[in-house]
Amino acid sequence: MPDGTLVVGAARVDITPPLHIPHLGFVPRQGIFEGVHDPLWARAAVFAGGDAQVAVLSADALGFSTELFGPGRDFIAEVRKRAAEQTDLEPEGIVIAATHAHSTPETYGITRLWERADCTAWIETLAAQLAGAIRLAWRDRRPARLTHGLGRVTGMSGNRRMRDDRGRLFSINRKPDDANIVDRGALDESVTVLLAEREGAPPVVLANFACHPVTVQVQPLISADFPGVGTAIVERTLGKGACCLFLQGAAGDINPIRDDSREWRDVETYGIMLAGGILQAVGRARLDTPDEVPRIGVRREVLSLQARERPSLEEAAAARAAAEEALAQVPEDHPDRSRRFAEARRAREVYRLAQFGTEPIRAEVQALRLGDVGLAAFPGELFCSLGLRVKERSPAPATIIVECANGCLGYLAPREAWEQGGYEVGLGAWCHLAAGGPERLADTASQLLTDLFGE
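For every chain, the first residue of the written sequence is number 1, and numbering continues from 1 onward in sequence order. Local features in a predicted model are, by the rule used here, given only for residues with pLDDT of at least 70; side-chain atom pairs are given and counted only at 80 or more, and totals for whole chains, interfaces and linings are based on all residues. To get the side-chain values, take all heavy atoms of the structure and skip hydrogens and water.

Glancing now at the overall build of the protein chain. Regarding its fold elements, the protein chain presents 9 helices and 23 strands. Projected onto the principal axes, the alpha-carbon positions of the protein chain cover approximately 75 × 50 × 40 Å. With a 1.4 Å probe rolled over the protein chains alone, any residue whose accessible area is under 20% of its type maximum counts as buried; one over 50% counts as exposed, and the rest are partly exposed. For the protein chain, the proportion of its 455 residues judged to be buried stands at 58%. In the protein chain, of all internal contacts separated by at least 6 residues, the share reaching a separation of at least 24 is 80%. The accessible surface values rely on the Shrake-Rupley method and a 1.4 Å probe; as for residues, cover is taken only from the protein chains in view. Accessible surface, the protein chain: about 18000 Å² in total, of which carbon and sulfur atoms supply 49%. Taking the average place of the 51 positive charges on the side chains of the protein chain and the average place of its 62 negative ones, the gap between the two points comes to 1 Å. In this description a helix means any DSSP run of H or I spanning at least four residues, a strand means any run of E spanning at least two, and both kinds are numbered starting from the N terminus. Residue contacts are counted whenever heavy atoms from the two residues lie within 4.5 Å of one another. Under the counting rule used here, the positive set is Lys and Arg, the negative set is Asp and Glu, and His together with the chain ends is not counted. Note that the charge is assigned to NZ on lysines, CZ on arginines, CG on aspartates and CD on glutamates.

Structure, rendered in structure tokens:
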């Protein structure tokens, strides 16, 4: 391609699983699907200009554990390596992200999916599909111009860790009448869009918004939740072949406003609202003046962070066995049954966390420059306040925060959340890092963005 020419490619691959692949349930932890409400997709976009090229993949998935293949193999590293084959992409320049939709297979790592013999072949297939989407996007490259736009979605989301004057925490629709809320928590209602308008080809959109896709979680139908609805509306609106990647923002503590609902109508409603915000931003991007020579770049740093305190595997196994035995001794109709059941469940979650060990944790932070847009990717569910901190410090004209990218270390909660307590920092495989680790990740992302835009 001529010097100074930017090329952009995109592709979609259907990753809807067979029904025997479990989702993350409450009881049992591996729930069984009964059907497909709407398909799941992996969308990929490749950006190449000058001597730099990067790829961004967003999949309708809960998240991708690096251990998804099982011990001794790195799922993210292998997908990147396969994606880089037959292209000029470097593995370190590839982002593997998930929308965090909860009505999808349990690829997050809270349970050990790879221990099920009926799932191992599908995990290999999934890796091939994700890598294949990126290679297809590479082959689809066309000359393009990049612009960006900002939109807003109000009234759709809220912080699920509101605090009252007695220090109690409540989610959006689950507070008692006597709760005097004094802190509603951080909230980011902005939508950031990167628009690639291509010569002789449909447009490509990267769209970023922060909200947990939990509307229809723990039910028996496969669904991409509201990101699936929103991206489909955007693609239909922009024309046949358009590709819209939804990149989940810092939504670790952000839920839909009706977080006590499990209605498909709400999924559609949130999807319409999201699409409206994205299209508003796309419109503004179309009025923006593109860079004549947009710069493409990547920076990456792998940190070694302290694991949170947890019992030893032996201690956790003994506690689990004792709790299971205590539960077995209580008849189904006994008043103590529910308490014993809850104790046994907690013991199982602590045991799963203990299986990860206590060694320092490898955590990757990745930053991209895509013209005037900076992208910061985090391997877990970043709390909104930390995402806003990265945005405020970013030198980029527009900044996209991507959570659940390049691994799953659970909730990335700031120190104040640890002091307050609550589910997100509870003992379970949904929270791996010790207090202070998420701040280091955020500070590293800020420095990487500064490096990219200071060149």
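Within the secondary structure, Asp-225 sits in helix H3 (residues 225-238). The rule for a salt bridge is simple: a side-chain nitrogen of Lys or Arg has to be within 4 Å of a carboxyl oxygen of Asp or Glu. We note that Asp-225 is buried and unpaired, the nearest opposite charge coming from Arg-262 at a distance of 7.9 Å. When sequence neighbours within four positions are dropped, the list of residues in contact with Asp-225 reads Asp-38, Ala-101, Pro-213, Val-214, Thr-215, Val-216 and Val-267.

Our next topic: the nonpolar core. What is meant by a nonpolar core is a set of buried Ala, Val, Leu, Ile, Met, Phe, Trp, Tyr and Cys residues, joined one to another through side-chain atoms within 4.5 Å. Counting 40 residues, the largest nonpolar core has Leu-57, Phe-64, Phe-75, Leu-130 and Ile-134 as the members making the most contacts within it. Secondary-structure elements contributing two or more residues to this core are strand S1 (6-14), strand S5 (41-49), strand S6 (52-59), helix H1 (75-84), strand S7 (94-98) and helix H2 (120-139). Among the elements that line this core, the one with the most residues is H2, at 10 residues. Leaving out residues up to four positions away in the same chain, Phe-64 has contacts with Ala-59, Phe-75, Ile-76, Ile-96, Ala-97, Ala-98, Thr-107, Leu-126, Leu-130, Gly-407 and Cys-408. Listed in part, the 29 residues of the second largest apolar core include Val-8, Ala-45, Ala-144 and Ile-296.

The subject of this paragraph is the sheet that holds strand S10 (residues 162-164). Here 3 strands make up an open sheet; going across it, the order is S11-S10-S12 and the pairing antiparallel. Looking at strand neighbours, the two that pair on one side only are strand S11 (169-170) and strand S12 (181-183), the edges of this open sheet. The pairing of S10 with S11 spans 2 bridges and is classified as antiparallel. Within the sheet, the bridge partner assigned to Met-162 lies in S11 and is Phe-170. Only strands that DSSP links by at least two bridges are regarded as paired with each other.

Within strand S20 (residues 373-377), 5 of the 5 residues are buried, leaving the element largely enclosed by the surrounding structure. Of the two faces of S20, both are covered, the one formed by Val-373, Leu-375 and Ala-377 as well as the one formed by Gly-374 and Ala-376. As paired elements, strand S19 (residues 361-370) and S20 share 5 bridges and run antiparallel to each other. Bridging from a neighbouring strand, Leu-368 pairs with Leu-375 of S20. Where S19 hands over to S20, the hairpin turn is made up of 2 residues, of which Gly-371 adopts a positive phi near 65°. Note that S20 and strand S22 (residues 398-402) share 5 bridges and pair parallel. Its bridge partner being in S22, Val-373 is matched across the sheet by Ala-398.

With that settled, consider the packing of helix H5 (residues 313-328) against helix H6 (residues 337-354). Each packed pair of helices is defined by two parameters, the angle between the axes and the distance between the axes. Axis lines are fitted to C-alpha atoms, over the contacting stretch for helices. Their N-to-C directions set the angle, which ranges from 0 to 180 degrees. At a minimum axis distance of 8 Å, the contact between H5 and H6 shows a crossing angle of 160°. Between H5 and H6, the angle falls in the class roughly antiparallel. Crossing of H5 over H6 shows left-handed handedness. Where H5 abuts H6, its residues Leu-313, Ala-316, Ala-317, Ala-319, Arg-320, Ala-323, Glu-324, Ala-326 and Leu-327 lie against Arg-337, Arg-340, Phe-341, Glu-343, Ala-344, Ala-347, Arg-348, Val-350, Tyr-351 and Ala-354. Classification convention: Asp, Glu, Lys, Arg as charged; Ala, Val, Leu, Ile, Met, Phe, Trp, Tyr, Cys, Pro as nonpolar; all other residues, Gly among them, as polar. Of the residues assigned to the contact of H5 with H6, the class counts are 13 nonpolar, no polar and 6 charged. By definition in this entry, angles of less than 35 degrees are roughly parallel, angles greater than 145 are roughly antiparallel, angles of 65 to 115 are roughly perpendicular, and the rest are oblique. If you view the pair so one helix is near and one far, a crossing is left-handed when the near helix is turned anticlockwise from the far one by less than a right angle, and right-handed when it is turned clockwise.

Only Phe, Tyr and Trp rings take part, Trp by its six-membered ring, and two of them pair if their centres are within 6.5 Å. Stacked means planes under 30 degrees apart, edge-to-face means over 60, and tilted covers everything else. Here the structure, examined in full by the defined rule, presents 6 aromatic pairs. Above the ring of Phe-69, the side-chain terminus of Arg-73 is found at 3.8 Å from the ring centroid. Between the NZ or CZ atom of Arg-141 and the centre of the ring of Trp-138, over which it lies, the distance is 3.7 Å. Note on geometry: a ring has a charge over it if NZ (lysine) or CZ (arginine) is within 6 Å of the ring centre and within 35 degrees of the ring normal.

Once that is clear, we can look at helix H7 (residues 384-393). Each α-helix winds once per 3.6 residues, and so residues spaced three or four apart point in a common direction. Along H7, the positions that sit buried rather than exposed are Cys-384, Leu-386, Gly-387 and Val-390. Mapping the buried residues of H7 onto a view down its axis gives an arc of 165°, with all of them on the same face. Its buried side turned inward, H7 meets strand S17 (254-256), S20, strand S21 (381-382), S22, strand S23 (411-412) and helix H9 (437-453). By arc we mean the arc of the directions from the helix axis to the C-beta atoms, nothing more.

What follows deals with the environment of Pro-105. Among the structural elements, Pro-105 can be located in the loop between S7 and H2. Judged by relative accessible area, Pro-105 falls into the buried class, the value being 6%. Along the sequence, Pro-105 and Ala-347 sit 242 residues apart, while their C-alpha atoms lie 23 Å from each other. Setting aside its immediate chain neighbours within four residues, Pro-105 contacts Pro-17, Ile-21, Pro-22, His-23, Phe-33, Leu-40, Leu-62 and Trp-122.

What follows covers the side chain of Thr-104. Looking at the secondary structure, you find Thr-104 in the loop between S7 and H2. Residue classification places Thr-104 among the buried positions, given a relative accessible area of 0%. Not counting chain neighbours up to four residues away, the residues in contact with Thr-104 comprise His-23, Leu-24, Phe-33, Leu-40, Asp-60, Ala-61, Leu-62 and Ser-223.

Attention now goes to the packing of H7 against H9. The contact between H7 and H9 brings their axes to 9 Å, and the two run at 20°. Considered as vectors, H7 and H9 are oriented roughly parallel to each other. Read as a crossing pair, H7 and H9 show a hand that is right-handed. Here Leu-386, Arg-389, Val-390 and Arg-393 of H7 lie close against H9, whose contacting residues are Pro-438, Glu-439, Ala-442, Asp-443, Ala-445, Ser-446 and Leu-449. Classifying every residue of the contact of H7 with H9 by side-chain character gives 6 nonpolar, 1 polar and 4 charged.

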